[in-house]
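Residue-level structure breakdown
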Amino acid sequence: MPHPHDRRQRHTHSAVDPSIATTSEGLRAVSWSFAILAVTAALQLVVVWLSGSVALLADTVHNFGDAATAIPLGIAFLLARRAPSPRFTYGYGRAEDLAGLVVVGIILTSAIVAGYEAIDRLLHPRLLAHPWVVLAAAVLGFLGNEAVARLRIRVGRRIHSAALVADGHHARIDAWTSLAVLAGAVGAIAGLPLVDPIVGLAITAAIARIVWQSATLVLGRLLDGVDPATVEEIRHTASHAPGVEAVSEVRARWSGHRLHAEVNVAVGPELSVSEGHAIAVETRHRLLHGLPFLLQAIVHVDPTTEAGERHHAVVDHAHDGLPAHSHG
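Below you will find a few notes about this structure.

Definitions and limits used
- Residues numbered from 1 in each chain as written.
- Predicted model: local features only at pLDDT ≥ 70, side-chain atom pairs only at ≥ 80, totals over all residues.
- Heavy atoms only, no water.
- Core = buried A, V, L, I, M, F, W, Y, C linked by side-chain atoms within 4.5 Å.
- Buried < 20%, exposed > 50% of the residue type's maximum accessible area, 1.4 Å probe, protein only.
- Helix = DSSP H or I, 4+ residues; strand = E, 2+ residues; numbered from the N terminus.
- Axes fitted to C-alpha atoms, helices over the stretch in contact; angles between N-to-C directions.
- Parallel < 35°, antiparallel > 145°, perpendicular 65-115°, else oblique.
- Left-handed = near helix turned anticlockwise from the far one by under 90°.
- Contact = heavy atoms within 4.5 Å.
- Nonpolar A, V, L, I, M, F, W, Y, C, P; charged D, E, K, R; others polar.
- Pairing = 2+ DSSP bridges.
- Right-handed = clockwise from strand over helix to strand, strands pointing away.

Judged by nonpolar contacts, the single largest core of 30 residues is most densely connected at Val 30, Ile 107, Val 155 and Leu 164. Elements with a contribution of two residues or more to this core: helix H2 (19-51), helix H4 (70-80), helix H5 (94-123), helix H6 (131-159), helix H7 (162-189) and helix H8 (195-222). Among the nonpolar cores identified, the runner-up in size contains 23 residues, and Ala 238, Ala 241, Val 247 and Trp 254 belong to it.

Relative placement of two packed helices is described by the angle separating their axes and the distance separating the axes. Put simply, helix H9 (residues 228-239) and helix H10 (residues 273-290) touch, their axes get as near as 9 Å, and they point 135° apart. Between H9 and H10, the angle is such that the two are oblique. Our pair here, H9 against H10, has a crossing hand that is right-handed. Of the residues in H10, those in contact with Glu 233, Ile 234, Thr 237 and Ala 238 of H9 are Thr 283, Arg 286, Leu 287 and Gly 290. Grouping the constituent residues of the contact of H9 with H10 by class yields 3 nonpolar, 3 polar and 2 charged.

This part is about the pairing of strand S3 (residues 294-303). Pairing of strand S2 (residues 258-267) with S3 involves 9 bridges; the strand directions are parallel. Note that in S3 the partner of Ala 266 across the bridge is Asp 302. Handedness of the S2-H10-S3 crossover: right-handed.

Before going further, it helps to examine the side chain of Asp 97. Relative to the helices and strands, Asp 97 is located in helix H5. Other than its neighbours up to four places away in sequence, Asp 97 contacts Val 218, Arg 221, Leu 222, Trp 254, Ser 255 and Gly 256.

Before going further, it helps to examine unusual backbone geometry. Positive phi, normally seen in glycine, also occurs at Asp 224, with a value near 65°. Locating Asp 224 in the fold gives a position in the loop between H8 and H9.

What follows is the structure in structure tokens.
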């Protein structure tokens, strides 16, 4: 009868890339969010044409921009499903990070258009037509964005996609921004036409703030930024693997919504190569189980007497007539 430990070890990691399942779920999320926001923005556009509300126009332009962000994200999720190649040995997860730059550009463009229209209306004010219809359209914008926010955040958390979660929070902010259009409609009903462009400027400022937050997140990922708490979680998990006496270095980076990690662990110097390898395998196994967003983990084993990268550096030396040099 097989040992229970043998049964536990029958499953494998990375034989089938788990990002295939997660990107499929991400694709469904961006497809539905695109459809919901496109319909919402189209209905709002009709009201903009009827009413001439610049605040609603700002919100509508932003909603069209939000719908458009689903396109680069969808392309990125499709690319992420492709297997690594001899040229792209880490796969295509970075496409999601590059899509984030496109998303930031789209949001920035919507801020510029909305701001221009608001300033033009301040300089050339006119009465808002059909304010009650504008009020209804603002409520529609709120409901559409809130539905998309719930979808993106729920799926993003399930597949550990920071980009999708951030985009969901972005949609939630937009939902409340849509309600701000109500102020413009109420101002028109009260005979205050300047309320509408002032609200449009406020919406523009809110969009600009989102641009800054989104750019910070996306550029941080592109520069291999990782939350220190995640690094500490990797260190903690590795340090509790049987046979690991210390963890000297931990490096991690995101590739899309999946994490890659490299860990240096120290083991007893008296162990054989096979025993050290077995510890590395078990450490990797625990890391992949303990951090569900971790796609790959490389575990380097050092004896405790020579633990750490400093012991692998090549000291200054000279050969073949070259001046003294090192190799890092």
